[in-house]
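# Fold and geometry: a report
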Amino acid sequence: MTAAPLPLAAAPAPSRPLAMRAGLMASASICLALLALLSRYTRALPPELVTWLRFMIPGLCLVALARRDDWRAAWSGADRPGWVRAVCVVISQGCFVLAAMRGDLLHAVLLYNTGPLFIPLIARVWLGERLHPAALCGLAIGFAGVLVVLQPALRGLESTALISLFGGFAMAASQVLFYRSAQHQPPFRNQFKLYMQASLVGLPLAALGLGRLPSQPFTTESTTVLVLALLGMSLCSLGSQSLRDLAYRGMDNASTLALLMYVAVPVSAALDWLLFAHPARPSTLAGAALIVIGAVAALRSGARARRG
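I will try to describe carefully the structure that is included in this document. If you're wondering where the values come from, they're calculated on a predicted model, not measured in any experiment.

Each helix and strand counted, the protein has 14 helices and zero strands in total. The helix and strand sequence of the protein, counted from the amino end, reads α-α-α-α-α-α-α-α-α-α-α-α-α-α. Counting all 308 residues of the protein, 55% fall into the buried class. Working note: accessible area of the protein is about 13400 Å², and carbon and sulfur atoms make up 68% of it.

Tallying each qualifying case throughout the model produces four salt bridges. Between glutamate 48 and arginine 212 there is a salt bridge, and its shortest N-O distance comes to 2.7 Å. One end of the pair, glutamate 48, is in helix α2 (residues 47–63); the other, arginine 212, is in the loop between α11 (203–211) and α12 (223–248), and 164 residues separate them in sequence. Taking relative accessible area as the criterion, arginine 212 reaches 46% and is therefore assigned partly exposed. Between arginine 189 and aspartate 70 there is a salt bridge, with its nearest N and O atoms 2.8 Å apart. Taken as a pair, arginine 189 in helix α10 (residues 187–201) and aspartate 70 in helix α3 (residues 68–74) lie far apart in primary sequence, 119 residues in all. A residue is classified by how much of its surface remains accessible, and aspartate 70, at 5% relative accessible area, is buried.

One can describe the packing of helix α6 (residues 115–127) onto helix α7 (residues 133–150) by two numbers: an axis separation of 10 Å at closest approach and a directional angle of 135°. Considering their axes alone, α6 and α7 lie oblique with respect to each other. By crossing handedness, the relation of α6 to α7 is classed as left-handed. Along the contact surface, α6 presents Leu117, Phe118, Pro120 and Leu121, while α7 presents Gly138, Leu139, Gly142, Phe143 and Val146.

Here we take up α2. Taking 1.5 Å of rise per residue, 17 residues should cover 24 Å, and α2 covers 25 Å from first to last C-alpha, within 8% of that figure. Burial runs high along α2: 13 of the 17 residues are buried.

Our focus in this paragraph is the packing of aromatic side chains. Throughout the structure, instances matching the rule amount to 10 aromatic pairs. On the numbers, 6.0 Å between centres and 10° between planes, the contact of phenylalanine 188 with phenylalanine 192 is stacked. Placement of the pair is phenylalanine 188 and phenylalanine 192 together in helix α10, with a separation of four residues, close to one helical turn. Arginine 40 extends its terminal NZ or CZ atom over the ring of phenylalanine 276, reaching a point 4.3 Å from the ring centre. Sitting over the face of the ring of phenylalanine 55, arginine 54 holds its NZ or CZ atom 4.8 Å from the ring centroid.

Okay, the nonpolar core next. The tendency in soluble globular proteins is for nonpolar side chains to be buried as a group. Phe96 and Leu230 are the most contacted members of the largest nonpolar core, which totals 68 residues. Looking at this core, the element that brings in the most residues is helix α1 (residues 18–39), giving nine residues. If we skip the residues at most four places from it in the chain, leucine 230 touches Thr42, Leu45, Val50, Leu53 and Ile57. Counting 12 residues, the second largest nonpolar core, distinct from the first, contains Ala66, Val89, Val90 and Tyr195.

The phi dihedral of alanine 277 falls on the positive side, at around 55°, and the residue is not glycine. Within the secondary structure layout, alanine 277 lies in the loop between α13 (264–276) and α14 (282–307). Residue class for alanine 277 comes out exposed when judged on its relative accessible area of 57%.

Here we come to the packing of α2 against α12. Interaxial distance between α2 and α12 falls to 9 Å at its minimum, and their mutual angle equals 65°. Relative to α12, the element α2 is oriented roughly perpendicular. Here α2 runs over α12; the crossing is right-handed. From α2, Val50, Leu53, Arg54, Ile57, Pro58, Cys61 and Leu62 reach across to α12, where they touch Leu230, Leu231, Met233, Ser234, Ser237 and Leu238. Residues that form the contact of α2 with α12 fall into these classes: 10 nonpolar, two polar and one charged.

Criteria and cut-off values
Residues numbered from 1 in each chain as written. Predicted model: local features only at pLDDT ≥ 70, side-chain atom pairs only at ≥ 80, totals over all residues. Heavy atoms only, no water. Helix = DSSP H or I, 4+ residues; strand = E, 2+ residues; numbered from the N terminus. Buried < 20%, exposed > 50% of the residue type's maximum accessible area, 1.4 Å probe, protein only. Areas by Shrake-Rupley, 256 points an atom, 1.4 Å probe, with all protein chains shown as cover. Salt bridge = Lys/Arg side-chain N within 4 Å of Asp/Glu carboxyl O. Axes fitted to C-alpha atoms, helices over the stretch in contact; angles between N-to-C directions. Parallel < 35°, antiparallel > 145°, perpendicular 65-115°, else oblique. Left-handed = near helix turned anticlockwise from the far one by under 90°. Contact = heavy atoms within 4.5 Å. Expected span 1.5 Å × (residues − 1). Phe/Tyr/Trp six-rings, centres within 6.5 Å; stacked < 30°, edge-to-face > 60°. Lys NZ or Arg CZ within 6 Å of the ring centre and 35° of its normal. Core = buried A, V, L, I, M, F, W, Y, C linked by side-chain atoms within 4.5 Å. Nonpolar A, V, L, I, M, F, W, Y, C, P; charged D, E, K, R; others polar.

Below, the structure written as C-alpha cells:
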C-alpha cells in the first residue's frame, strides 16, 4: 500500500536527517513496485483471493507482537472511520492487484499513484477544506497527465486503466480517513489494526475467489512460485508501510518527501521492460511526468496552506 504524504502520527519521534528520510521513502516506493511485480506471478489464483491473502498473511505475521490494547483497537466497533478506511484500502488494493496481474506494471503503479490528485478534492467535498489556486493548478496539470496516459480519444477507455484509476481514488479516500481518525495511535497499532480489519472486510472477496479457484491452479505457476510470490507481497507490504511511517514520523512538512513517492514509477517501467519486454510509450512517460509534477504541486500547496 502506498500512502500520500500526510502527517502520520502519534508520539514525537527522534529527528532524522533529511537524507535518511529520503532513503526510507525511496525504499518504500520501491516496495510498491516490487509488490506489483510479484502480483504477476500469482495469476494462477483469482485476484480476489490474492487481494485477501495480501492482507491476511501480514496480519498473521503481526499477531505474535500484538498486545491487548492492539486487539481492542482492531476490533472496536466504535471506530467507524477505521472500518470505512479498511473498506477503501481493500477496494484500492483489489484494483491495484487486478491491474498489475492483467496489464502493464507501469500503468498499474502510475495510475494507482494518482491518489494524491484526488486527496484535495475529497478533502474539499468531505471535510470542507479550501482549494487554493496553486493546488488547482497542480490538479489541472496532473489530470492532464492522466488523459495523456489514457489517450481516450485514440484508444478508448480500457477497463484495466479505469480499474487502476479507481484504485487511486480509493487509496486517496483511505488516506483522508487515516489522517483524520488514526494519526494519534502508535505505528504498530496502526498497521495491526489495518491488516486485521482489512482481512475481515475482505472475507467476501476470499469466498468469491475460492469459488472461482481453477481445478488445477498450479499448471501456470508452481506451488513454490505462488507461495514465494505471496510471501514476497506480504513482506513488501509490511516494508512499505513501516518505511513510510519512519520517513514521515516527526516531520512538520511531510510534503518535502512527495517527489520520492514516485520512485516506483521509473522502477516499474524498468521492470516491465527488462522482464516482460514492455517498453513504455513516449506518451506514457510524458503523462507520467505531468502526473508527478501536478501531484507534488498540489500536495505542497496543501502543506503551505496548513502551515499558514
